[in-house]
Amino acid sequence: MTVHQIPNTIKTDSFWMPFTANRQFKKAPRLFSSAKGMYYTSVDGRQVIDGSAGLWCVNAGHGRPQIAAAVERQLSTLDFAPSFNMGHPLAFDFAERLAEIAPKGLDRIFFTNSGSESVDTALKIALAYHRAAGQPTRTRLIGRERGYHGVGFGGMSVGGMVANRRQFATHLPGVDHIRHTHDLARNAFAKDQPDHGAELADDVERMVALHGADTIAAVIVEPVPGSTAVLPAPKGYLQRLRELCTKHGILLIFDEVITGFGRLGTPFAANFYGVTPDMMTTAKGITNGTVPCGAVFASRQVHDGLMVGPDNAMELFHGYTYSAHPVACAAGLATLDIYKDEGLLTRGASIADYWRDGLHSLKGLPNVVDIRNQGLMGAVELAPRDGAVGARGYDVMVDCFNRGLYFRMSGDSLALSPPLIVEKSHIDDIVSILGDSIKRVA
């Protein structure tokens, strides 16, 4: 139970919280009232280090005046404009700026409002692309076990997190999954990329043998799954996946909702691993988490493959009311300015080793069974308690919050991913608080 809650100051009944054990939370709420830089402030005035960049999204740190000013200006100038058969300049400016930092060739941008929408959009584009190319039998979508691709029916179907799937009986038909790469037996406590697991990409060949290449539209993976607690790609794995998708005419989609915008010390994970997919889904850091926005980055081949038929025909029957919302575009442009001016899209590379060494210093603490890292992402995995999976991780998370550290937990794995402005002193504090808590609670 949290020891820092001001009682009787807020009514909690009406808000049905997402991805939360509502009854448990509302007995002892953990509430933030403000944020600045690397820190949240709790309702009782305590400073809490943001160890997870909000939800993997506040890459430039909290409370950036430049973004707030851009949003205020835009709201008073053009609060909304449709993107259906109309437009506004900021949408085109924002797309051009994103194309400039994209992996080479992924310079056609379709705007969404979230990572979930980006994933469903990319899946629909893949299906439409193959139909336009005269291959309408390519309708099957391949995800990966332990993958998270949002909460739309498309993303949930290709996703591989059991808890996200079991409650909802209806999934898209024609979906299959390759195996995940988490291998404690061979890769526990690996630093950066694990040595073992590249051969798991050959599951694509198994999918082809089972279903036929001419039925498969796309394979979608996270380069580094985040919601299942940071599973770095084994050496050579993504390269092999790219080779096999190219060989069989299958589109490869990288879900970079978490890894995009500097998280690995490069603009995107595609840059980090030297592998260019056919499409890339993004959100979160695209506006520093300030205004909901997402984008699908598509290759020229995919985009141009749909530019067929009469000029007056809609090439893709898809979109959202708030696609390229003016306020989101203003926030995004201001965010890109900060990333450029402060070098944040590559800053993580200069501090990644310090981050790695700090996390791995926790090896040997009670019930720590694995530590993983890549760029400015990291996870400490704890052994579950008998008959109570997730309980140990939850207790550590609450204890850390009470002592000034916030992070995300996934079962008994503690996932960390601080804002890209993090300094060594912040990393020292994160590691110290987390280590003490593991000793005390775990």
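Residues numbered from 1 in each chain as written. Predicted model: local features only at pLDDT ≥ 70, side-chain atom pairs only at ≥ 80, totals over all residues. Heavy atoms only, no water.

## Side note on the environment of His-426
And then number 1: Position of His-426 among the secondary structure elements: in helix α16 (residues 424-441).
And then number 2: Owing to a relative accessible area of 13%, His-426 belongs among the buried residues under this scheme.
And then number 3: Sequence separation between His-426 and Trp-355 is 71 residues, and the spatial gap between their C-alpha atoms is 10.0 Å.
And then number 4: Not counting residues up to four positions away in its chain, the partners in contact with His-426 are Met-38 and Tyr-39. (Helix = DSSP H or I, 4+ residues; strand = E, 2+ residues; numbered from the N terminus. Buried < 20%, exposed > 50% of the residue type's maximum accessible area, 1.4 Å probe, protein only. Contact = heavy atoms within 4.5 Å.)

## Overview of the sheet that holds strand β14 (residues 408-410)
And then number 1: Overall, antiparallel pairing links the 4 strands, which are arranged β11-β12-β15-β14 in an open sheet. Of all the strands in the sheet, the pair left with one neighbour each is β11 (368-374) and β14. Pairwise comparison of adjacent strand axes, ignoring direction, gives a mean angle of 20 degrees for this sheet.
And then number 2: Relative to the sheet, helix α14 (residues 344-360) contacts β11, β12 (377-382) and β15 (413-416), its axis offset from that of β11 by approximately 175 degrees.
And then number 3: Where α16 meets the sheet, it contacts β11, β12 and β15, and its direction lies at approximately 170 degrees from that of β15. (Pairing = 2+ DSSP bridges. Axes fitted to C-alpha atoms, helices over the stretch in contact; angles between N-to-C directions.)

## Digging into the confidence of the model for the protein
And then number 1: Considering every residue of the protein, the mean pLDDT works out to 96; 98% of them sit at 70 or more.
And then number 2: When the elements of the protein are averaged for pLDDT, helix α7 (residues 162-166) gives the smallest value, 85, and strand β8 (residues 251-255) the largest, 99. (pLDDT = per-residue confidence, 0-100.)

## Structural notes on a nonpolar patch on the surface
And then number 1: Judged by side-chain polarity, Phe-153, Phe-168 and Leu-172 come together as a nonpolar surface patch covering roughly 280 Å² of accessible area.
And then number 2: You can see Phe-168 is positioned in the loop between α7 and β6 (175-178).
And then number 3: A relative accessible area of 39% places Phe-168 in the partly exposed class. (Patch = residues over 30% accessible without salt bridge, like charges linked within 9 Å, V, L, I, M, F, W, Y side chains within 5 Å. Areas by Shrake-Rupley, 256 points an atom, 1.4 Å probe, with all protein chains shown as cover. Salt bridge = Lys/Arg side-chain N within 4 Å of Asp/Glu carboxyl O.)

## So, the packing of aromatic side chains
And then number 1: For the structure on display, the rule yields 11 aromatic pairs.
And then number 2: Between the aromatic rings of Phe-261 and Phe-268, the centroid separation amounts to 5.1 Å while the plane-to-plane angle is 65 degrees, which identifies the pairing as edge-to-face.
And then number 3: Overall, Phe-261 belongs to the buried group, its relative accessible area being 1%.
And then number 4: Pairwise contacts between aromatic rings join Phe-32, Tyr-40, Phe-401 and Tyr-406 into one cluster.
And then number 5: Over the aromatic face of Phe-401 sits the side chain of Arg-46, whose NZ or CZ is 4.9 Å from the ring centroid.
And then number 6: The aromatic ring of Phe-189 is capped on one face by Lys-363, whose charged end is 4.8 Å from the ring centroid. (Phe/Tyr/Trp six-rings, centres within 6.5 Å; stacked < 30°, edge-to-face > 60°. Lys NZ or Arg CZ within 6 Å of the ring centre and 35° of its normal.)

## A few points about the sheet that holds strand β10 (residues 294-298)
And then number 1: A sheet is described by the order of its strands in space; here 7 strands give the open sequence β4-β10-β9-β8-β7-β5-β6, paired in mixed fashion. The open sheet is flanked by β4 (108-112) and β6, the only strands paired with a single partner. The average angle at which neighbouring strand axes cross in this sheet is 20 degrees, direction not considered.
And then number 2: Contacting β5 (140-144), β6 and β7 (216-221), helix α9 (residues 203-211) runs over the sheet at an angle of about 150 degrees to β6.

## Some remarks on the side chain of His-318
And then number 1: As for its placement among the helices and strands, His-318 is situated in the loop between α12 (300-305) and α13 (326-341).
And then number 2: For His-318, a relative accessible area of 16% translates into the label buried.
And then number 3: Looking at His-318, its side chain comes within polar contact range of the side chain of Thr-121, at 2.7 Å.
And then number 4: Those residues in contact with His-318 that sit more than four places away from it in its chain are Phe-110, Thr-121 and Lys-124. (Polar contact = N/O pair within 3.5 Å; in protein donor to acceptor, adjacent residues only side chain to side chain.)

## Topic: the pattern of salt bridges
And then number 1: Counted according to the given criterion, the structure contains 23 salt bridges.
And then number 2: The structure contains a network of salt bridges with shared partners spanning Asp-192, Asp-353, Arg-356 and Asp-357.

## Looking at the packing of helix α3 (residues 65-77) against α13
And then number 1: With their axes 8 Å apart at the nearest point, α3 and α13 run at an angle of 150 degrees to one another. As judged from the angle between their axes, α3 and α13 are roughly antiparallel. At the point where α3 passes α13, the crossing takes the right-handed sense. Here Gln-66, Ile-67, Ala-70, Val-71, Gln-74 and Leu-75 of α3 lie close against α13, whose contacting residues are Pro-326, Val-327, Ala-330, Ala-331, Ala-334, Thr-335, Asp-337 and Ile-338.
And then number 2: Residues that form the contact of α3 with α13 fall into these classes: 10 nonpolar, 3 polar and 1 charged. (Parallel < 35°, antiparallel > 145°, perpendicular 65-115°, else oblique. Left-handed = near helix turned anticlockwise from the far one by under 90°. Nonpolar A, V, L, I, M, F, W, Y, C, P; charged D, E, K, R; others polar.)

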